[in-house]
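Fold and contact review
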Amino acid sequence: MSEQYGILLVSHVAELADGLTRLLKQVAKDVTVKAVGGAEGGGIGTSFDKVIAVLNEMEEPEIFAFYDLGSAKMNLELVSEMTEKNLFICDAAFVEGAYLTAALLQADTPYEKICEQLQELYVK
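Notes on the structure in this doc start here. (Residues numbered from 1 in each chain as written. Predicted model: local features only at pLDDT ≥ 70, side-chain atom pairs only at ≥ 80, totals over all residues. Heavy atoms only, no water.)

Comments concerning the overall build of the protein
- Within the protein, the regular secondary structure consists of five helices and four strands.
- Listing every helix and strand of the protein by position from the N terminus yields β-α-β-α-β-α-β-α-α.
- Against the compact-globule benchmark of 14 Å for 124 residues, the protein has a radius of gyration of 13 Å, which places it among compact chains.
- Here the C-alpha coordinates of the protein stretch approximately 40 × 30 × 25 Å along the principal axes.
- For the protein, contacts bridging at least 24 residues in sequence account for 73% of all contacts bridging at least 6.
- For the protein, the computed accessible surface area is about 6,500 Å², with 51% contributed by carbon and sulfur atoms. (Helix = DSSP H or I, 4+ residues; strand = E, 2+ residues; numbered from the N terminus. Rg over C-alpha atoms; globule rule 2.2 N^0.38 Å. Contact = heavy atoms within 4.5 Å. Areas by Shrake-Rupley, 256 points an atom, 1.4 Å probe, with all protein chains shown as cover.)

Quick look at the pattern of salt bridges
- All chains considered together, the criterion is met by two salt bridges.
- Its salt-bridge partner being Asp-30, residue Lys-29 comes within 3.6 Å of it at the nearest N-O pair.
- A salt bridge links Lys-73 to Asp-91, with the shortest nitrogen-to-oxygen separation between them at 3.1 Å. In this pair, Lys-73 is assigned in helix H3 (residues 70-80) and Asp-91 in the loop between strand S4 (86-90) and helix H4 (94-106), connecting sequence segments 18 residues apart.
- Relative accessible area serves as the criterion here: at 24%, Lys-73 is assigned to the partly exposed category. (Salt bridge = Lys/Arg side-chain N within 4 Å of Asp/Glu carboxyl O. Buried < 20%, exposed > 50% of the residue type's maximum accessible area, 1.4 Å probe, protein only.)

Some remarks on the pairing of S4
- Of the strand pairs in this sheet, strand S3 (residues 62-67) and S4 are connected by five bridges, and their pairing is parallel. Looking across to S4, one finds that Ala-65 is bridged to Ile-89.
- Handedness of the crossover joining S3 and S4 through H3: right-handed. (Pairing = 2+ DSSP bridges. Right-handed = clockwise from strand over helix to strand, strands pointing away.)

Things to note about the nonpolar core
- Counting 21 residues, the largest nonpolar core has Ile-7, Leu-9, Leu-24, Phe-64, Phe-66, Leu-105 and Leu-118 as the members making the most contacts within it.
- At the level of elements, strand S1 (5-11), helix H1 (14-27), S3, S4, H4 and helix H5 (111-118) are the ones that each hand at least two residues to this core.
- Ignoring any residue separated from it by four or fewer positions in sequence, one finds Phe-64 in contact with Tyr-5, Gly-6, Ile-7, Leu-8, Phe-88, Cys-90, Thr-101, Leu-105, Tyr-111, Ile-114, Cys-115 and Leu-118.
- Core analysis: the second largest hydrophobic core is formed by 15 residues, Val-36, Val-51, Ile-52 and Val-79 among them. (Core = buried A, V, L, I, M, F, W, Y, C linked by side-chain atoms within 4.5 Å.)

So, the packing of aromatic side chains
- This structure, assessed with the given rule, holds five aromatic pairs.
- Ring centres of Phe-64 and Phe-88 lie 5.5 Å apart, and the angle between their planes is 50°; this geometry places the pair in the tilted category. A residue pair is termed long-range when its members are at least 10 positions apart, and Phe-64 in strand S3 and Phe-88 in strand S4 qualify at 24 residues.
- You can call Phe-64 buried: its relative accessible area is 0%. (Phe/Tyr/Trp six-rings, centres within 6.5 Å; stacked < 30°, edge-to-face > 60°.)

Written as structure tokens, this is what we have:
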């Protein structure tokens, strides 16, 4: 299943996205996890161009996408309209949702079961 699904992390701060990637790789060494953090030029923020570039590097056709704040979600929504990949934008808590998804993907948990468990971590 790890060839079917990947995880994309989008944060306003590069170090946050990179640190979460390191954490996820501890529980999901076979799952592709890519991080996009910070705005163009290294500042705090998010960048449509950076998000789509990293997404296009991913080989998996289906991507679970996690974000830290609203404008990161907005960039993911824009990117989802520009790609043929199935981008599942998850409104779950950034760290907990991504961690749960990585662990479940590593265990070859079916998509429906992952989505069901993520519901408990959704931010209202």
